[in-house]
Amino acid sequence: MSRRLVLCAALAATLPLAGCTAKSSPPPVHQSGSMRLVSFDSCSQLESELKKAAKASVGPYGFPGDGVMPEAVAVGGARTMADAAKAPAPTPAYSGTNNHEQDADEPDIVKTDGRRIVTVDQGTLRVVDAATRRETGRLALPLQATGGPVELLLSGDVALILVPGGMGRYVMYKRMPVAESPQVISVDLSGKPRIISRYKGEGRLVDARLTGGTARIVLRTSPRLTFPDNPRVQDESDRVDDNQAAIDRADVDAWLPTWEVTTGTVTEKGRADCGRVSRPTDFSGASLVSVLTFDLSKPELGSGDPVTVVADGDTVYATGNSLYLASDQRWRLDRFPGRAAMPVRQETDLYRFTFTGNQPPVYAAAGTVPGFLINQYALSEWDGHLRVATTNQEAGRSAVRVLRQDGDKLEQTGVVDGLGKGEQIYSVRFIGPRGYVVTFRQTDPLYSLDLTDPAQPKVTGELKITGYSAHLQPAGEGRLIGIGQEADGAGRVQGTQVSLFDVSDPAKPRRLAQHHIPGGQSEAEWDPHALLWWPATKLLVVPVSAYSFDGGTTTDGALALQVGDTGVKQIAMLHQPAIRRSLVIGDVLWTLSDGGLQASQLSTMEKVAWLPAG
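Remember, it's a predicted structure, so these values are computed and weren't measured experimentally. Each chain carries its own residue numbering, running from 1 in the direction its sequence is written. Where totals are concerned, whole chains, interfaces and linings use all residues; where local detail is concerned, this predicted model gives features only for residues with pLDDT of at least 70, and gives and counts side-chain atom pairs only at 80 or more. In computing side-chain properties, one takes all heavy atoms of the structure into account and sets aside hydrogens as well as water.

**Student:** Explain the overall build of the protein to me, please; I cannot follow it from the model alone.
**Tutor:** Helix and strand assignments come from DSSP, with helices taken as H or I runs of at least 4 residues and strands as E runs of at least 2, each series counted from the N terminus. Summing up its helical and strand segments, the protein has three helices and 43 strands in all. Expressed as a percentage of its 614 residues, the buried residues of the protein come to 58%. For accessible areas, the Shrake-Rupley method is used with a probe of radius 1.4 Å. Any residue's cover is judged against the shown protein chains and nothing else. Accessible area for the protein stands at about 24,000 Å²; split by element, carbon and sulfur atoms hold 50% of it. Classification of residues uses two cut-offs on accessible area relative to the type maximum, computed with a 1.4 Å probe and protein chains only: under 20% is buried, over 50% is exposed, and between them is partly exposed.

And the structure:
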């Protein structure tokens, strides 16, 4: 998912962050757009350059991130409309997934089209009729170890199940599989749920998007290399030499991802084409990223027509006609002796792909920006420009840059630098020509930016409060909701907080109200899909787990809040253990937990139905 947080942000729930940033320094001189993708001339050239990069990257226990201790730490609603002709009755108003962009639906553990609710959990797909509040279908998926949460996309009568898979890791000097291959499973929901087609790839699923009836899936693969099992070899340099020799013995097939598709009783197999693989200036040789395209109106998935880049990208941002892949140099971090220390460039490479209809993406441009992204919300395409928010951890400063495509390069048109000196970005939200950035160390500066002029982006206002917002949710004209953690003056977190900001005056952003849950944590702090914002009634539903240090008890549920123009009022606390998601269909609020689905009256929050998962 996703869905990456900077390390210090992941530790914020338990540790103060005063030591997580460096001293500030003058902004680096940087020429954006210097990086570009280039295709390989032949399979032999691909093999040669992959081996060269892989040998420079490999450590005594494998590639960065594969060792017993990770060498690199990377932590970081569109509606699918039903076919009206088949609907037995008019579809009621309903909430979709809390997506970044309205025309690029994101995968999640629950989807609805207003008539039915589709969930996937513990290897089982369930279909619930929203009108009768009864389960109408169930399908046990052919899964073993999945490597993470299984998610889905919904298009008409087709549910696309996304199985993340795993990259593999080293345990006691041996490479051990952590999950089966990533899968994309097409399920027909027109009657009793049944599998139509099943795609098996390699590596792990990075992310996916659905526009119209076309899904684009991003997979990251690592080479199929067998490194020596030498538990008695103590010298780290000797281990590196042995691993480099293993790389030399491999051929290009070790890197090229393979796939197989089964539709009915017919199985097809294939391999990525050398001619469809491109490379940036720098790469580790430890992974490739492929973008697959599936037209869900067709009866079988096919190969996905992969477009592949030699990169270590794990952040995806997409609109209705563009897909961006972000890749940085954190794979160079090396905690093991045995190979020469390699500098970690405080830069992020960006690749832009464009697409039309159900066609595969076409590489359009690439560029490089200083610093690292917090997650996909640090990217935003608007009015022909890409806005990018990054933190340079070495310099201890953050910036927002505006890029524009010029030929095959993403060139910088403007920058506003020096945000949160000595701090790092915790959340970003771009709304039209405006931007909002939260940085944090001991206090939370909320910056308001004017991005109307791409050549001269500027900070227009700043608000300093305790704590921080990990996600910023638009809440109508001039209003912004922040979900994060309250903190004391030393930066020690104190529990989930919901803040209502007035950003109508760009020069004077201010907090109108705060709702604090002492000892609380919310999945919405790191996964915006967990948050429900229903503009029709200004309802905000936030899953919360709160620990009481006085009583030693834990409270699980979801907080239902009424968000007004000037305040936030608690309506109810829905006491359903481990609530993961909430959605609205008509006059009913549905809450999904590991235990099942609960239906409550939207007006009173009174429970009207319970559908256990078992």
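**Student:** Honestly, the nonpolar core in this entry has me stumped. Any pointers?
**Tutor:** Buried together is how nonpolar side chains tend to be arranged in soluble globular proteins. Within the largest apolar cluster, 25 residues are counted, with the highest numbers of intra-cluster contacts made by Leu-350, Leu-386, Val-388, Val-400, Val-428 and Val-437. Of all the secondary structure elements, the ones that give two or more residues to this core are strand E20 (322-328), strand E22 (362-370), strand E24 (385-392), strand E25 (397-406), strand E26 (409-419), strand E27 (424-431) and strand E29 (443-450). Contacts were defined at the residue level, with two residues in contact if any of their heavy atoms lie within 4.5 Å. In this structure, Val-400 is in contact with Val-388, Ala-389, Gly-414, Val-415, Val-416, Leu-419, Phe-430, Val-437, Leu-449 and Leu-451, ignoring residues within four places of it in sequence. Residues belong to a common nonpolar core when they are buried Ala, Val, Leu, Ile, Met, Phe, Trp, Tyr or Cys residues joined through side-chain atoms within 4.5 Å. Core analysis: the next-biggest nonpolar cluster, separate from the first, contains 23 residues, Ala-54, Val-58, Ile-247 and Ala-286 among them.

**Student:** Mind showing me how you'd approach the pattern of salt bridges here?
**Tutor:** Between side chains of opposite charge, a pair can form when the charged atoms approach closely. The salt bridge criterion pairs a side-chain nitrogen of Lys or Arg with a carboxyl oxygen of Asp or Glu, the two atoms within 4 Å. Scanning all chains against the criterion turns up 25 salt bridges. A salt bridge links Lys-111 to Asp-105, with the nearest nitrogen and oxygen atoms 3.0 Å apart. Since its relative accessible area comes to 4%, Lys-111 is described here as buried. On the basis of relative accessibility, which here comes to 3%, the residue Asp-105 falls in the buried class. The closest approach of N and O atoms between Arg-581 and Asp-527, which form a salt bridge, is 3.1 Å. Of this pair, Arg-581 sits in strand E40 (residues 579-585) while Asp-527 sits in the loop between strand E35 (520-521) and strand E36 (532-534), placing them 54 residues apart in sequence.

**Student:** How should I be thinking about the packing of aromatic side chains in this particular structure?
**Tutor:** Two descriptors summarise a pair of aromatic rings, namely the distance from one centre to the other and the angle between the planes of the rings. Stacked, tilted and edge-to-face are the three classes assigned to paired rings of Phe, Tyr and Trp, where Trp is represented by its six-membered ring and a pair needs centres within 6.5 Å; plane angles under 30 degrees give stacked, over 60 edge-to-face, the rest tilted. Scanning the entire structure with this criterion turns up six aromatic pairs. Here a set of aromatic residues connected by ring pairs shows up, and it is made of Tyr-426, Phe-440 and Tyr-468. The side chain of Arg-216 reaches across the aromatic face of Phe-355, ending 3.7 Å from its centre. Each ring is checked for a lysine NZ or an arginine CZ that lies within 6 Å of its centre and within 35 degrees of its normal; such an atom marks a charge sitting over the ring. Over the aromatic face of Phe-40 sits the side chain of Arg-279, whose NZ or CZ is 4.9 Å from the ring centroid.

**Student:** Just to check I follow, could you spell out the sheet that holds strand E32 (residues 479-487) for this structure?
**Tutor:** Strand pairing within a sheet occurs via backbone hydrogen bonds; the two strands may be parallel or antiparallel. The strand order E31-E32-E33-E34 describes an open sheet built from four strands, whose pairing is antiparallel. Only two strands of the sheet have a single neighbouring strand rather than two, namely strand E31 (468-474) and strand E34 (510-518). Mean inter-strand twist for the sheet, computed between neighbouring axes without regard to direction, equals 20°. Two strands pair under a simple rule: DSSP has to find at least two bridges between them. Here six bridges tie E31 to E32, and the two strands are oriented antiparallel to one another. If you follow His-471 over to E32, its bridge partner there is Ile-483. Throughout, an axis means a line fitted to C-alpha atoms (over the contacting stretch in the case of helices), and angles, computed between N-to-C directions, take values from 0 to 180 degrees.

**Student:** Is there a simple way to explain the state of the cysteines in this structure?
**Tutor:** Put plainly, two cysteines are in a disulfide when a covalent bond ties their sulfur atoms together. Any cysteine sulfur atom paired with another within 2.5 Å is treated as part of a disulfide. Counted by the stated rule, this structure contains one disulfide. Between the sulfur atoms of Cys-43 and its disulfide partner Cys-274 the distance amounts to 2.0 Å. Here the disulfide of Cys-43 and Cys-274 is right-handed, its torsion about the S-S bond being about 110°. On the basis of relative accessibility, which here comes to 31%, the residue Cys-43 falls in the partly exposed class.

**Student:** Even after reading the chapter, I still don't get the sheet that holds strand E11 (residues 194-200), so can you show me in this structure?
**Tutor:** Strand order in this open sheet of six strands is E6-E7-E10-E11-E14-E15, and the pairing throughout is antiparallel. The outermost strands of the open sheet, each flanked by one partner alone, are strand E6 (151-155) and strand E15 (266-271). Each strand axis lies, on average, 20° off the axis of its neighbour in the sheet, ignoring direction.

**Student:** For this particular structure, what's the right way to read the pairing of strand E4 (residues 124-129)?
**Tutor:** Note on strand geometry: in a regular strand, side chains alternate between the two faces of the sheet. Of all six residues that make up E4, five are buried, and the element is covered over most of its length. Taking the residues between adjacent antiparallel strands as the criterion, strand E3 (residues 116-121) and E4 are bridged by two residues, where Gln-122 takes a positive phi near 50°. Here E4 folds back onto strand E5 (residues 134-140) in antiparallel fashion, the turn holding four residues, of which Arg-133 has a positive phi close to 60°.

**Student:** Please clarify how helix H2 (residues 43-57) should be interpreted in this entry.
**Tutor:** Every α-helix winds through 3.6 residues per turn, so residues three or four apart in the chain are directed the same way. Each residue after the first adds 1.5 Å to the expected span of a helix. Taking 1.5 Å of rise per residue, the 15 residues of H2 would be expected to cover 21 Å, and the 21 Å separating its terminal C-alpha atoms lies within 8% of that figure. Taken residue by residue, H2 has Gln-45, Leu-46, Leu-50, Lys-51, Ala-53, Ala-54 and Ser-57 as its buried positions. On its buried side, H2 packs onto helix H3 (236-249), strand E16 (277-279) and strand E17 (288-295).

**Student:** Hey, could you run me through the environment of Arg-401 in this one?
**Tutor:** With respect to the secondary-structure elements, Arg-401 resides in strand E25. A C-alpha to C-alpha distance of 10.0 Å links Arg-401 and Glu-411, two positions 10 residues apart in sequence. The residues contacting Arg-401, other than those within four sequence positions of it, are Val-369, Pro-370, Leu-386, Arg-387, Val-388, Thr-390, Gln-412, Gly-414, Val-415 and Asp-417. At a separation of 3.0 Å, a polar atom in the side chain of Arg-401 contacts the side chain of Gln-412. In the analysis that follows, any N or O atom pair within 3.5 Å is treated as a polar contact, provided that within protein one partner can donate a hydrogen and the other can accept it, and provided that, for residues neighboring in sequence, both atoms belong to side chains.

**Student:** Where do I start with the confidence of the model for the protein in this structure?
**Tutor:** Close inspection of predicted coordinates is inappropriate for parts of the model with low pLDDT. For the protein, the average pLDDT comes to 85, and 84% of its residues sit at 70 or higher. For every residue, the predictor assigns a confidence score, pLDDT, that lies between 0 and 100. The model gives residues 1-33 a pLDDT under 50, and that stretch makes 97 contacts with residues more than four places away or in other chains.

**Student:** Explanation requested: the side chain of His-515 in the structure shown.
**Tutor:** Topologically, His-515 is positioned in strand E34. Within polar-contact distance, the side chain of His-515 engages the side chain of Gln-570 at 3.3 Å. Excluding residues that lie within four positions of it along the chain, His-515 makes contacts with Thr-496, Gln-497, Val-498, Leu-559, Leu-561, Val-568 and Gln-570.

**Student:** How do you make sense of unusual backbone geometry when you look at a structure like this?
**Tutor:** Backbone geometry follows two general trends: most residues other than glycine have a negative phi, and most peptide bonds adopt the trans configuration. Its identity is not glycine, yet Arg-133 carries a phi of approximately 60°, on the positive side. Tracing the backbone shows Arg-133 in the loop between E4 and E5. Its identity is not glycine, yet Lys-538 carries a phi of approximately 55°, on the positive side. Structurally, the position occupied by Lys-538 is in the loop between E36 and strand E37 (539-548). Since its relative accessible area comes to 32%, Lys-538 is described here as partly exposed.

**Student:** Is there a simple way to think about H3 in this case?
**Tutor:** In this model H3 runs 20 Å from its N-terminal to its C-terminal C-alpha over 14 residues, within 8% of the 20 Å that 1.5 Å per residue would give. Of the positions making up H3, those classed as buried are Glu-236, Arg-239, Val-240, Asn-243, Ala-246 and Ile-247. Viewed along the axis of H3, the buried residues span an arc of 120°, placing them on a single side of the element. Packed against the buried residues of H3 are H2. This arc is taken over the directions from the axis of the helix to the C-beta atoms.

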